[in-house]
Amino acid sequence: MVSLRAASRAGPGRAAQRAERLGGAELQALRAANGELLAVAAPVLDRLFGSVGLAGACVLIADTGGVVLDWRAGDADADRFEDLGLAPGASWAEAAQGTNGIGTCLVEGRAVTIHRDEHFASRNVGVSCMDAPIFDAEGRLVAALDISSARGDHDRAMAALIGALVQDAARHIERDLFCRRYADARIVLAGTDPAARGRPCWRWTAMTW
């Protein structure tokens, strides 16, 4: 069970440390190292936030270390998410935080939903997190895409709907990364694999002439 494995990594109890926050220079260095990813992801984050922002959710993208690189949050909700550590510079590595959307998605390499009290740390039990991994053109895990909500009226049915949006958005980012990587090649969509839930489900081929 994911929660038990994560709990053993984070140590006994449900008092995992508050998400560590990187300072400006460190965060800027990470953002620069992931510049291509963030450039491709930005319009997708905007569209995704346009779908969920009015419902009190935030949208995050984190690197493979679990550090949040970019986000979208409404003015009325930003302070709440900042307090929770769901903001740029915060680290959600599962080894430190136990079961959580970003960290567990990165460890598992698949889409996950961590609903409220499924979080390991007791201070996170009021949050629901829906995440999907992002893979680059070579199939390497490069990020986790997250939608988090701290609203009590977001039940499991709502989480399932939002989870589907997150997975679809992650696939769009993967497609755009692939097209950018092979911009000078002819790209053919060879088909999809609907059974590949939470993993790259496209089958792209780049052909050079």
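Residues numbered from 1 in each chain as written. Predicted model: local features only at pLDDT ≥ 70, side-chain atom pairs only at ≥ 80, totals over all residues. Heavy atoms only, no water.

## Thoughts on the overall build of the chain
1) Next: Scanning the chain for helices and strands turns up seven helices and seven strands.
2) Next: The buried share among the 209 residues of the chain stands at 47%.
3) Next: Look at the contacts in the chain between residues 6 or more apart in sequence, and 62% of them connect residues 24 or more apart.
4) Next: Within the structure as shown, the chain displays about 9900 Å² of accessible surface, and the carbon and sulfur contribution to it stands at 53%. (Helix = DSSP H or I, 4+ residues; strand = E, 2+ residues; numbered from the N terminus. Buried < 20%, exposed > 50% of the residue type's maximum accessible area, 1.4 Å probe, protein only. Contact = heavy atoms within 4.5 Å. Areas by Shrake-Rupley, 256 points an atom, 1.4 Å probe, with all protein chains shown as cover.)

## A few points about the pattern of salt bridges
1) Next: Throughout the structure, instances matching the rule amount to 11 salt bridges.
2) Next: Across the salt bridge formed by R181 and E138, the nearest N and O atoms sit 3.5 Å from each other. With a gap of 43 residues between them, R181 in helix α7 (residues 156–181) and E138 in the loop between β4 (128–135) and β5 (141–149) connect regions that are remote in the sequence.
3) Next: Taking relative accessible area as the criterion, R181 reaches 46% and is therefore assigned partly exposed.
4) Next: Here the residues in one salt-bridge network are D136, E138, R140 and R181, joined through shared partners. (Salt bridge = Lys/Arg side-chain N within 4 Å of Asp/Glu carboxyl O.)

## A word on empty space enclosed by the protein
1) Next: What the rule picks out here adds up to one cavity of 30 Å³ or more.
2) Next: In this structure, the largest cavity encloses a volume near 30 Å³.
3) Next: In this structure, the largest cavity is lined by L84, L86, W92, H119, N124, V127 and C129.
4) Next: Across the lining of the largest cavity, the residue classes tally to five nonpolar, two polar and no charged. (1 Å grid on protein atoms, 1.4 Å probe; cavity = no way out; pocket = protein on both sides within 12 Å on 5 of 7 lines; lining within 4 Å. Points joined across faces, edges and corners; volume = space filled by probe spheres on them. Nonpolar A, V, L, I, M, F, W, Y, C, P; charged D, E, K, R; others polar.)

## Here's the deal with α7
1) Next: With 26 residues, α7 extends 37 Å from end C-alpha to end C-alpha; this agrees with the ideal 38 Å at 1.5 Å per step.
2) Next: Burial in α7 covers these residues: A159, I162, G163, V166, A169, A170, R171, I173, E174, L177 and F178. (Expected span 1.5 Å × (residues − 1).)

## Side note on the environment of S128
1) Next: Along the chain, S128 falls in strand β4.
2) Next: Judged by its relative accessible area of 2%, S128 is buried.
3) Next: Considering only alpha carbons, one finds S128 and G152, 24 residues apart in sequence, at a separation of 9.1 Å.
4) Next: Not counting the four nearest positions on each side in its chain, S128 is found in contact with I114, H115, R116, I147, S148, S149 and H154.

## Concerning the nonpolar core
1) Next: By size, the foremost hydrophobic cluster in this structure holds 27 residues, and its most contacted members are L37, I61, I134, L145, I147 and I173.
2) Next: Elements with a contribution of two residues or more to this core: α3 (35–52), β1 (57–62), β4, β5 and α7.
3) Next: Looking at this core element by element, the count peaks at eight residues for α3.
4) Next: When neighbours within four sequence positions are excluded, L37 is seen to be in contact with I61, I134, V142, A143, I173 and L177.
5) Next: Core analysis: the second largest hydrophobic core is formed by 20 residues, C58, L60, L86 and W92 among them. (Core = buried A, V, L, I, M, F, W, Y, C linked by side-chain atoms within 4.5 Å.)

## Remarks on the sheet that holds β5
1) Next: As summarised here, the arrangement of the five strands in space is β2-β1-β5-β4-β3, forming an open sheet in which the pairing is antiparallel. Looking along the sheet, the strands with just one partner apiece sit at the ends: β2 (68–72) and β3 (112–115). When the angles between neighbouring strand axes are averaged without regard to direction, this sheet yields 20°.
2) Next: Of the pairings in the sheet, the one linking β1 to β2 comprises four bridges and is antiparallel in character. The residue of β2 that forms the bridge with L60 is W71.
3) Next: Set on the sheet, α7 makes contact with β3, β4 and β5; between it and β4 the angle comes to about 20°. (Pairing = 2+ DSSP bridges. Axes fitted to C-alpha atoms, helices over the stretch in contact; angles between N-to-C directions.)

Fair warning: the whole summary comes from geometry, so function is off the table for now.
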